[in-house]
Amino acid sequence: MSRPLDELVDASNKVAEGDYSVRLEEKGPPEIYSLMRGFNSMAERLQVNDQERRNMLADVSHELRTPITVIQGNVEGILDGLYPADEARLKSILEETQVLSRLVDDLRTLSLAERGALRLKREPTNLAELIHDAVSGFESQAKEKDIKFQIFLDDVEDENIDPQRVREVLTNLLSNALRYTPRGGEINVRLTETGSGPTLSEIERLERSVTISVEDNGPGIDPAILPHVFDRFYKSSDSGGMGLGLSIAKYLVEAHGGKIWAESEVGKGTNISFALPRRLE
């Protein structure tokens with residue numbers, strides 16, 4: 001009885017000193033075996049969290065370094081007289097400050113969501129108008145790649161949501177779709193309502209929801225990657241950024257009491273949808 005407990009104390013001291021790789025041989029009576037197993041599970045989670053923290057710091061440093069370097073180089077060049085302080089140069093500086101602003105906003109949103117401190121400012125919102133506004137913001141990028149947007153909208157009543165947060169989710173999905181849709185491709189955006197119709201029970205009417213989906217005809221997502229696309233800081237080898245976009249989208253949808261999911265087939269594109277519940281009086 002005492003030998004495995006001594007090993008547990010030694011291993012606990014190592015974890016306390018920051019060594020999360022330590023593991024115990026799971027042995028002994030059922031109670032001791034369960035204790036050893038629980039310790040190993042805890043140590044494994046701590047090791048994963050520590051690695052994620054290290055990766056996050058490396059990613060944040062990398063993402064901050066690029067715009068800061070561009071801003072610093074341009075400003076120093078202007079001050080030294082190497083570059084003219086013209087519109088093109090100042091626009092470049094402004095664009096990099098906007099990149100920094102988006103990064104800070106993403107990190108703040110993630111921090112609030114993980115602490116459960118994310119507050120929504122709900123108001124009656126016309127989702128059809130919100131979708132059209134969000135898509136129009138990407139029209140110029142789509143035109144450059146000869147990509148066509150197709151919008152399909154059900155006749156949906158105004159939804160009591162935080163329009164800024166839902167637009168943030170939609171913007172993220174549209175941005176990803178544009179990134180992976182090939183030149184000459186197509187992106188379908190749909191707004192549908194479930195739980196409507198004269199034959200539904202009163203409970204079903206009260207639990208109906210609206211679903212927004214963004215579907216592209218890009219290369220699709222590997223089945224091994226698909227379950228992780230909403231994980232914090234997870235990103236594929238060909239993705240840009242820090243891997244925060246879909247994770248933040250998931251937090252924002254869940255803050256509304258909704259759910260988000262991805263469907264994809266390699267070579268046939270990806271469809272990401274999110275459903276927002278509505279409860280009518």
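The rules behind each value
Residues numbered from 1 in each chain as written. Predicted model: local features only at pLDDT ≥ 70, side-chain atom pairs only at ≥ 80, totals over all residues. Heavy atoms only, no water. Buried < 20%, exposed > 50% of the residue type's maximum accessible area, 1.4 Å probe, protein only. Helix = DSSP H or I, 4+ residues; strand = E, 2+ residues; numbered from the N terminus. Arc of directions from axis to C-beta. Polar contact = N/O pair within 3.5 Å; in protein donor to acceptor, adjacent residues only side chain to side chain. Pairing = 2+ DSSP bridges. Contact = heavy atoms within 4.5 Å. Salt bridge = Lys/Arg side-chain N within 4 Å of Asp/Glu carboxyl O. Phe/Tyr/Trp six-rings, centres within 6.5 Å; stacked < 30°, edge-to-face > 60°. Lys NZ or Arg CZ within 6 Å of the ring centre and 35° of its normal.

A. Inspection of helix α4 (residues 127-136) at higher detail. For α4, every residue scored as buried is listed here: Leu127, Leu130, Ile131, Ala134 and Val135. Seen end-on, α4 carries its buried residues on one side only, within an arc spanning 130 degrees. The backbone nitrogen of Ala128 lies 3.0 Å from a side-chain oxygen of the residue at the head of α4, namely Asn126.

B. Layout of the pairing of strand β6 (residues 259-265). When β6 meets strand β7 (residues 269-277), the two strands line up antiparallel, connected through seven bridges. Bridging from a neighbouring strand, Glu265 pairs with Gly269 of β7.

C. Quick look at the side chain of Glu193. Structurally, the position occupied by Glu193 is in strand β4 (residues 186-194). Note on Glu193: relative accessible area 16%, which makes it buried. With residues near it in sequence (within four places) discarded, Glu193 still touches Asp154, Asp155, Val156, Arg208, Ser209, Val210 and Arg278.

D. Looking closely at the pattern of salt bridges. For the coordinates displayed, the defined rule picks out eight salt bridges. As a salt-bridge pair, Arg165 and Glu168 come within 3.2 Å of each other at their nearest N and O atoms. Here the residue Arg165 and the residue Glu168 both occupy positions in helix α6 (residues 163-180), the gap between them amounting to three residues, near one helical turn. Look at Arg165 and you get buried, because its relative accessible area is 13%. By relative accessible area, which is 26% here, Glu168 ends up partly exposed. Through salt bridges with shared partners, one network takes in Glu7, Glu25 and Lys27.

E. Seen up close, the packing of aromatic side chains. Per the stated rule, a full pass over the model turns up zero aromatic pairs. Above the plane of the ring of Tyr83 lies Arg89, whose end atom (NZ or CZ) is 4.0 Å from the centre. Taking the ring centre of Trp261 as reference, the NZ or CZ of Lys259 above it sits at 5.4 Å.

F. Structural view of the side chain of Thr270. By the secondary structure assignment, Thr270 is in strand β7. Engagement of the side chain of Thr270 in a polar contact is seen with the side chain of Ser264, the distance being 2.9 Å. Discounting chain neighbours no more than four positions away, the residues touching Thr270 are Val214, Glu215, Asp216, Gly220, Ile221, Glu263 and Ser264.

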